Amino acid sequence: MTRSDAACGTANGSGPWMLEIENIHKRFGPLTVLRGIDMRVAKGEVVVIVGPSGGGKSTFLRTLNHLEKPDEGRVKVDGQLIGCEERNGRLVALPDSRVAVQRRQFGMVFQQFNLFAHMTALENITAAPIKVLKVPREEAVAEARRLLALVGLPDKEKAYPEQLSGGQQQRIAIARALALKPKVMLFDEPTSALDPEMVSDVLKVMLDLSEGGMTMVVVTHEIGFARMAADRAVLIDGGVIVEEGPPDAFFANPQHERTRKFLSKVLDHRAT
C-alpha cells in the first residue's frame, strides 16, 4: 500500500450526506496544518467556516476537492469517494487524471477571480462546458446567459475582465463555477480582495444560491453573511474544529474561550 493509498482509509458504507469528511490530516514538510477534521454536510446545507489566518481554513477547503491531497483521511461527495476507489476490498489512490474528473463535482471560487483576460465574460463561462463537458455551443451559451442573469450581470456578456469591477469579476467567477453544474460549491474568502462597496453584490449572489438549495462550504470573515445564510457555523484554528453550531448560538453565545476571543476581535474590528 502506498502513502496515497493509506490516505484513502478503509472501505465502508456511505451515509445520507452530500459531503462526508473523515479524519483529514494535511502536512507540508514538518508543518502539520490539519489535524484530523471530521465534518458532514447535508444536501442544501450551508456551512460557514471562520477562524484566524493560518488556522487551516483554506487548506481544509482545498483538500475537499483534492487540490491539496490529504495525507490521511477521506472525502465523499454524494456517496462517492474523491481521489480513491475500491479494488478487491481495499481503497487505492486514483491517478490525477481521474481525480480531475471527480473534481468537477465541486465548484470553487477563490479570493482572486482568475478569469481569462483574453476572453469575454460569456466566453469565460462557456469555455469549460464546451471543452471539458462537450456541451453543444448553443446550449452552453444559453446556460451562460441564464447564469449571467442569476448573478445580476446580463448586460456584461461581451465585457472583458479589465472592463469589469472586482465585484463584477467575482460574480462572473461564480457563474463560471456554476456552469459545470457542481454538487457542492466551495468559497475561499470570496470577498477578501474586494473594496467594501463591492462586497454586498457578491454576498447577495451567494445568499440567493443558499436560498436556492445549493450545498455550500464558505470560508469567510463576513459575519453578517454567516448569520443570514449559514445553517451551521464552524471555527477552525490550529488545524482542528474548535466549535460548531447554529449561527444564532455560535455568534451570540459561543461555548469555547477560543471562539469568544476570535469573535470579539472580529466584531470589534467591524465596529471601528
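Bear in mind the structure is a predicted one, so any value in this text is a computation, not a measurement.

1. Comments concerning the environment of Tyr160
If you trace the backbone, Tyr160 turns up in the loop between helix 5 (137–150) and helix 6 (166–178). A relative accessible area of 34% means that Tyr160 is categorised as partly exposed. Distance from Tyr160 to Asn124, taken between C-alpha atoms, is 9.2 Å for residues 36 residues apart in sequence. With sequence-adjacent residues up to four places away left out, Tyr160 is seen in contact with Ala117, His118, Met119 and Thr120.

2. Comments concerning the pattern of salt bridges
Considering all chains together, one arrives at 16 salt bridges under this definition. The partner of Glu257 in a salt bridge is Arg260, with the nearest N and O atoms 2.8 Å apart. In this pair, Glu257 and Arg260 are both assigned in helix 10 (residues 257–271), three residues apart and thus about one turn of the helix distant. One network of salt bridges, in which partners are shared, links Glu45, Arg232 and Glu244.

3. Re the side chain of Glu157
Among the secondary structure elements, Glu157 is positioned in the loop between helix 5 and helix 6. Looking at Glu157, the relative accessible area reads 16%, which means it is buried. A polar contact is formed between the side chain of Glu157 and the side chain of Arg145, at a distance of 3.0 Å. The residues touching Glu157, leaving out its near neighbours within four places in the chain, are Thr120, Ala121, Leu122, Arg145 and Leu148.

4. Re unusual backbone geometry
A positive phi angle is found at Asn23, which is not glycine, with a value near 55 degrees. Position of Asn23 relative to the elements: it lies in strand 1 (residues 19–28). A relative accessible area of 33% places Asn23 in the partly exposed class. At Lys181, a residue that is not glycine, the phi angle is positive and equals roughly 55 degrees.

5. Description of helix 7 (residues 196–211)
Across its 16 residues, helix 7 extends 23 Å between first and last C-alpha, which sits within 8% of the 22 Å expected from 1.5 Å per residue. Looking at helix 7, one finds that the buried residues are Val199, Val202, Leu203, Val205, Met206, Leu207, Leu209 and Ser210. Residues of helix 7 that are buried sit in contact with strand 3 (46–50), helix 5, helix 6, strand 9 (184–188), strand 10 (215–219) and helix 8 (223–229). One or two steps after helix 7, the chain reaches Gly213, where phi turns positive at roughly 95 degrees.

6. Focus on the layout of surface pockets
Roughly 630 Å³ of internal volume is contained in the largest pocket. Lining the largest pocket are 25 residues, with Met108, Ala128, Arg176, Ala177 and Leu180 positioned closest to its centre. Every element with two or more residues in the lining of the largest pocket is listed here: strand 8 (106–109), helix 4 (121–131) and helix 6.

7. Section: the packing of helix 6 against helix 7
Running from N to C, helix 6 and helix 7 point in directions that differ by 20 degrees, and their axes come no closer than 8 Å. By the angle between their directions, the pair helix 6 and helix 7 is classed as roughly parallel. You can see that helix 6 and helix 7 cross each other, and the crossing is right-handed. Of the residues in helix 7, those touching helix 6 at Gly166, Gly167, Gln170, Arg171, Ile174 and Leu178 are Met198, Asp201, Val202, Val205, Met206 and Leu209. In terms of residue class, the contact of helix 6 with helix 7 is built from seven nonpolar, three polar and two charged.

8. Looking at the sheet that holds strand 10
Pairing is mixed across the open sheet formed by six strands, whose spatial order is 8-9-10-3-11-12. Strands with a single pairing partner mark the edges of an open sheet, and in this sheet they are strand 8 and strand 12 (240–245). Going from strand to strand, the sheet's axes swing by 20 degrees on average, the running direction of each strand aside. Pairing analysis gives four bridges linking strand 8 to strand 9, with the strands arranged parallel.

What counts and what doesn't
- Residues numbered from 1 in each chain as written.
- Predicted model: local features only at pLDDT ≥ 70, side-chain atom pairs only at ≥ 80, totals over all residues.
- Heavy atoms only, no water.
- Helix = DSSP H or I, 4+ residues; strand = E, 2+ residues; numbered from the N terminus.
- Buried < 20%, exposed > 50% of the residue type's maximum accessible area, 1.4 Å probe, protein only.
- Contact = heavy atoms within 4.5 Å.
- Salt bridge = Lys/Arg side-chain N within 4 Å of Asp/Glu carboxyl O.
- Polar contact = N/O pair within 3.5 Å; in protein donor to acceptor, adjacent residues only side chain to side chain.
- Expected span 1.5 Å × (residues − 1).
- 1 Å grid on protein atoms, 1.4 Å probe; cavity = no way out; pocket = protein on both sides within 12 Å on 5 of 7 lines; lining within 4 Å.
- Points joined across faces, edges and corners; volume = space filled by probe spheres on them.
- Axes fitted to C-alpha atoms, helices over the stretch in contact; angles between N-to-C directions.
- Parallel < 35°, antiparallel > 145°, perpendicular 65-115°, else oblique.
- Left-handed = near helix turned anticlockwise from the far one by under 90°.
- Nonpolar A, V, L, I, M, F, W, Y, C, P; charged D, E, K, R; others polar.
- Pairing = 2+ DSSP bridges.

The values reported here are purely geometric and, on their own, carry no functional implication.
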